[in-house]
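Given next are the chains, with one letter for each unit.
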Amino acid sequence: MKKFFVNNDGTGTPAEVLIKDDRNAVVNNEKIEYEHKFISDNVMILRINNKNYIVKAENDPDEDIRDTVFDIDIKSEVTKIICKSELDALMEKFSKNRGDVKIKTDIISPMPGAIVKINVKEGQRVKKGEVFLVLEAMKMENELKAASECVIQKIFAEEKKSVEKGQILIKLEPAAELTEIKK
Amino acid sequence: MIKKILIANRGEIAVRIITTAKEMGIKTVAVYSDFDRYSLYAKLADEAYRIGESPASKSYLLADKIISVAKKSGADAIHPGYGFLSERGMFAKMCLDENIKFIGPPHTAIENLGSKTRAKQLAIKHKVPVVSGTEKAVTDTEEAKKIANNIGFPVMIKASAGGGGKGMRVVKSEADLESSLRMAQNEARSSFGDDSVFIEKYVDSPRHIEFQILVDEHGNAVHLGERECSMQRRHQKIIEETPSVIMDEALRQEMGECAKRIALASGYTNAGTVEFMVDNNKNFYFLEVNTRLQVEHPITEMRTGLDLVAEQIKIASGEKLSMAQEDVKFKGASIECRICAEDPDNNFLPSTGKLKYIFRVLGNGMREDTGIEQGNEISIYYDSMISKLVSYGANREMAIRKMKRALRDYKVVGVKTNINFLLSLLENEAFVKGDYNTQYVERYFLPELKEKKIKLDSDTEIAKSLASILFKESKHEGVSAKVSSAKSGGTNSWLKRKTEAYR
């Protein structure tokens, strides 16, 4: 028997799911029967009360070690879901008290290619959605944009130079004020 | 008849050509880069030769190398597919000089049509409508009025030195012409120091409609109807369909005849595609000729029952067209969706990686053209297309229904795909009505898509919750099993991970 709390994007009241064994579970006090089989690492056939679902979990390289956040593709609709075990919820409480919230400060190259254009300067404040740089790969020009407001600390990329996958292109200032808000 | 064909291409189009050649009893020769050593097409052909390293510039674009392989293997013809060397007149010329049949138009026709200005002059000469405009700069208002009335409103005033949208004005009627002209000239003068302007016909949010043609080497030509290719993003086609919702028999005949006329005038032979812009009032304007087999050719095959590759080979063998225009019959409706390894949530960034798993069920009325197998890699070297899904139904509604079903039952693991993006396009009201143009995706669809909130029914919500727990536990299994087996030699996990299904 193991208990989980699941909700969409961390909003609303989490559903309480009790896994009894590999055939029975209770979701918000409602008993269900299920069976499942993984057909690949990220795809499973899930049958709940005889209803079939093909479910895919999208890969996310930034996944935290406890695997609490998933992009779930079900009926070809992708939604984010936050799934915590009782233990996760407990651990989270501790770490929250310690206040160690990590924010990504490295913009890395998602694929090998060539830098076409760099639109930002060191020290510049960049708004959400603004384009850091243009990377050409696979015959296409791709824009790398800011996921949130940030300040450019250092630029490693150079125009007209090629880059490898995973190479750090831009380093951002650790956004202290943003960290404050998240706490 | 041609006996042995070298396919100077890779991926799905190489597979497409090899299969038809085999059906016709023709031997096939594949060429591969290091990356493609064991790609599907390279295994499928009767023979396969390495031509170089993975980047196309070091393999598929090496005309000399490919010709030498053709000679070595005894191929008497080369099919260029699309992309790579397919529209290089020089390559067609090299084939000719080496006495190898190029399955495509003669190099002279490729060169005639390759230059847009020359193609436009050819079109004008043979009474194919083009976007009309002044050939020299205008400064005088009265002259501008005369020209604009000749062309017909709306017109576009463009600074002759222009660029970046400066000095450009759309004028809807004669009443606005004078003031717009003055403003455009002022802008042009301050931006470029030159106030001369051009006037040309303004085509607002046009549709992109193209016609498939076949021309034999004896002066016979047929058109095989249109393909509606207006669903595009940054000039990349996403969904193509035939027939076009706006097409009627009279317009089809008129545009088809224009397509044939320009092909014959340029000395064209083999299969080709004539592209047009079509405005709201069904006025059409010649754009260009694609002197090759198109990516989206399957929808024409579905609707005409023809095999275009077979027709290409027969034409290249010197045969006469087996059909006259009145023999070409259109039936049903067909749609093609290009499944690509890209991330619609991240500005359509190409997604590279190994295709760890593909789940798909084609079913009635569906065709798939692909060169990719489970376990293959999507690399940086070539385009990101995984598959072309083609549906065929008695009418448009049926074709859409089949496509949607097949896309919903298509799962790819390992790279991000545009499958769900395609589905939301197909479900969009504008697509359902057929009321879209080349500006639609970028101007209307994408901005709205971001605001979309997904609502699942309560059963599906439960399935989603449970699935996330099972995924979570399956991932932990790997970690905790290792830890516990190291400590105590066993695992107390309640969930047995089942991986026997596939590796």
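A separate point is the overall build of chain B. Looking only at helices and strands, one finds 16 helices and 22 strands in chain B. Per-residue burial for chain B yields a buried fraction of 55% across its 503 residues. In chain B, once contacts between residues fewer than 6 apart in sequence are set aside, the share between residues at least 24 apart is 66%. In the form shown here, chain B has an accessible surface area of approximately 21,700 Å², with 48% of it arising from carbon and sulfur atoms.

Each helix and strand counted, chain A has two helices and 16 strands in total. Looking at chain A residue by residue over its 183 residues, the buried ones come to 38%. A fraction of 38% describes how many contacts in chain A between residues 6 or more apart in sequence connect residues 24 or more apart. Summing over all exposed atoms, chain A offers an accessible surface of approximately 10,800 Å²; the carbon and sulfur share of this is 50%.

Attention now moves to the interface of chain B and chain A. With 56 residues of chain B at the interface, the matching set in chain A holds 61 residues. Summing both partners gives a buried area of about 5,400 Å² for chain B against chain A, and 63% of it is carried by carbon and sulfur. Looking only at chain B, the three residues that lose the most surface to chain A are Lys464, Phe471 and Lys472 of chain B, adding up to 13% of its buried area. At the junction of chain B with chain A, the criterion picks out five salt bridges. One can count 11 residue pairs in polar contact (both at pLDDT 80 or more) joining chain B with chain A. Elements that contribute at least two residues to the side of chain B that touches chain A include exactly strand 16 (349-350), strand 18 (357-359), helix 12 (396-408), strand 22 (411-413), helix 13 (419-427) and helix 16 (458-487) of chain B. A total of 18 residues in the side of chain B that touches chain A trace back to one element, the largest contributor, which is helix 16 of chain B.

Here we take up the packing of helix 5 (residues 107-114) of chain B against helix 6 (residues 116-125) of chain B. Residues and elements named next belong to chain B. Packing of helix 5 against helix 6 brings their axes to within 5 Å, and their N-to-C directions diverge by 95°. The angle between helix 5 and helix 6 falls in the class roughly perpendicular. In this structure, helix 5 contributes Glu111, Asn112, Leu113 and Gly114 to the contact, and helix 6 contributes Lys116, Arg118, Ala119 and Leu122. Taken together, the residues that form the contact of helix 5 with helix 6 break down as three nonpolar, two polar and three charged.

All names here are of chain A. Read once around its circumference, the closed barrel built from eight strands follows the order 1-2-3-4-5-6-7-8, with strand pairing classed as antiparallel. Sheet twist, expressed as the mean angle between neighbouring strand axes with direction ignored, is 35°. Sheet analysis places strand 2 (residues 15-19) next to strand 3 (residues 24-27), joined by three bridges and oriented antiparallel. By the bridge assignment for strand 3, Val17 is matched with Val27.

On to the pairing of strand 9 (residues 207-215) of chain B. Residue and element names in this part refer to chain B. Among the nine residues in strand 9, nine count as buried, and that is most of the element. Alternating positions in strand 9 separate into two faces, Arg207, Ile209, Phe211, Ile213 and Val215 on one and His208, Glu210, Gln212 and Leu214 on the other, with burial throughout. Pairing of strand 9 with strand 12 (residues 270-278), which is carried by nine bridges, proceeds in the antiparallel orientation. Among the inter-strand pairings, Ile213 is bridged to a residue of strand 12, identified as Gly272. Across six bridges, strand 9 lies against strand 10 (residues 221-233) in antiparallel orientation.

Right, let's talk about helix 11 (residues 308-316) of chain B for a bit. Residue and element names in this part refer to chain B. Taken across its nine residues, helix 11 has eight buried, putting it largely inside the fold. Those residues of helix 11 that sit buried are Leu308, Val309, Ala310, Glu311, Gln312, Ile313, Ile315 and Ala316. Residue Asp307 occupies the N-cap position of helix 11, its side-chain oxygen lying 3.0 Å from the main-chain nitrogen of Val309. Looking one or two residues beyond helix 11, the residue adopting positive phi is Gly318, at roughly 90°.

Looking now at the confidence of the model for chain A. Reading predicted coordinates in detail is not appropriate for stretches of low pLDDT. Residue and element names in this part refer to chain A. Looking at chain A, the pLDDT average stands at 82 and 84% of residues meet or exceed 70. Mean pLDDT in chain A bottoms out at helix 2 (residues 176-182), which sits at 40, and peaks at strand 4 (residues 30-38), which reaches 95. Confidence drops under pLDDT 50 across residues 176-183; counting only partners more than four residues distant or on other chains, this segment forms nine contacts.

As enumerated under the stated definition, the model contains 15 aromatic pairs over all chains in all. One cation-aromatic arrangement involves Arg207 of chain B over Tyr436 of chain B; the distance from NZ or CZ to the ring centre is 5.5 Å.

All names here are of chain B. Counting residues in each nonpolar core, the largest one holds 58 residues, and the members touching the most others are Ile5, Leu6, Tyr41, Ile78, Phe91 and Leu214. In terms of residue count, helix 1 (residues 11-23) provides more of this core than any other element does, six residues in total. Core analysis: the next-biggest nonpolar cluster, separate from the first, contains 38 residues, Ala399, Ile400, Val415 and Val441 among them.

Moving on, we come to the sheet that holds strand 4 (residues 77-79) of chain B. Strands pair in a sheet through their backbones, by hydrogen bonds, and they do so in one of two ways: parallel or antiparallel. Residues and elements named next belong to chain B. Spatially, five strands are ordered 3-2-1-4-5 in an open sheet, and the strand pairing comes out parallel. The open sheet has two free edges, formed respectively by strand 3 (47-52) and strand 5 (101-102), since each of these has just one partner strand. Pairing of strand 1 (residues 4-7) with strand 4 involves three bridges; the strand directions are parallel. Bridge pairing links Ile7 to His79 in strand 4. The strands touched by helix 3 (residues 63-73) are strand 1, strand 2 (27-33), strand 3 and strand 4; relative to strand 3, the strand with the most contacts, the crossing angle is about 150°.

Moving on to the environment of Lys455 of chain B. Locating Lys455 of chain B in the fold gives a position in the loop between helix 15 (440-449) and helix 16. A C-alpha to C-alpha distance of 40 Å links Lys455 of chain B and Phe276 of chain B, two positions 179 residues apart in sequence.

Using the criterion set out here, one finds 53 salt bridges over all chains in the structure. Close ionic contact of Lys411 of chain B with Asp73 of chain A constitutes a salt bridge, the shortest N to O distance being 3.3 Å. Residue Lys411 of chain B is found in strand 22, and its partner Asp73 of chain A is found in strand 7 (residues 69-74); the two belong to separate chains. Neither Lys411 of chain B nor Asp73 of chain A differs from the other in exposure class; each is buried.

Once that is clear, we can look at the side chain of Ser391 of chain B. Residue and element names in this part refer to chain B. For Ser391, the position within the fold is in strand 21 (residues 385-393). A relative accessible area of 0% places Ser391 in the buried class. Looking at Ser391, its side chain comes within polar contact range of the main-chain oxygen of Ala399, at 2.8 Å. Excluding its chain neighbours within four sequence positions, the residues that come into contact with Ser391 are Ala333, Ser334, Ile335, Gly365, Met366, Ala399, Lys402 and Met403.

Residue and element names in this part refer to chain B. With 17 residues, helix 9 (residues 249-265) should reach 24 Å at 1.5 Å per residue; the first-to-last C-alpha distance of 24 Å fits that figure. All of the buried residues in helix 9 are Leu251, Arg252, Met255, Gly256, Cys258, Ala259, Lys260, Ile262 and Ala263. Contacts made by the buried residues of helix 9 are with helix 6, strand 9, strand 10, strand 12, strand 13 (284-290) and helix 10 (297-304). By the N-cap criterion, in which a side-chain oxygen at the helix start approaches the backbone nitrogen of a residue two or three places on, helix 9 is capped by Asp248, the distance to Ala250 being 3.2 Å.

What counts, and where the lines are drawn
Residues numbered from 1 in each chain as written. Chains lettered and ligands numbered in written order. Predicted model: local features only at pLDDT ≥ 70, side-chain atom pairs only at ≥ 80, totals over all residues. Heavy atoms only, no water. Helix = DSSP H or I, 4+ residues; strand = E, 2+ residues; numbered from the N terminus. Buried < 20%, exposed > 50% of the residue type's maximum accessible area, 1.4 Å probe, protein only. Contact = heavy atoms within 4.5 Å. Areas by Shrake-Rupley, 256 points an atom, 1.4 Å probe, with all protein chains shown as cover. Buried area = accessible area lost by both parts, 1.4 Å probe. Salt bridge = Lys/Arg side-chain N within 4 Å of Asp/Glu carboxyl O. Polar contact = N/O pair within 3.5 Å; in protein donor to acceptor, adjacent residues only side chain to side chain. Axes fitted to C-alpha atoms, helices over the stretch in contact; angles between N-to-C directions. Parallel < 35°, antiparallel > 145°, perpendicular 65-115°, else oblique. Nonpolar A, V, L, I, M, F, W, Y, C, P; charged D, E, K, R; others polar. Pairing = 2+ DSSP bridges. pLDDT = per-residue confidence, 0-100. Phe/Tyr/Trp six-rings, centres within 6.5 Å; stacked < 30°, edge-to-face > 60°. Lys NZ or Arg CZ within 6 Å of the ring centre and 35° of its normal. Core = buried A, V, L, I, M, F, W, Y, C linked by side-chain atoms within 4.5 Å. Expected span 1.5 Å × (residues − 1).

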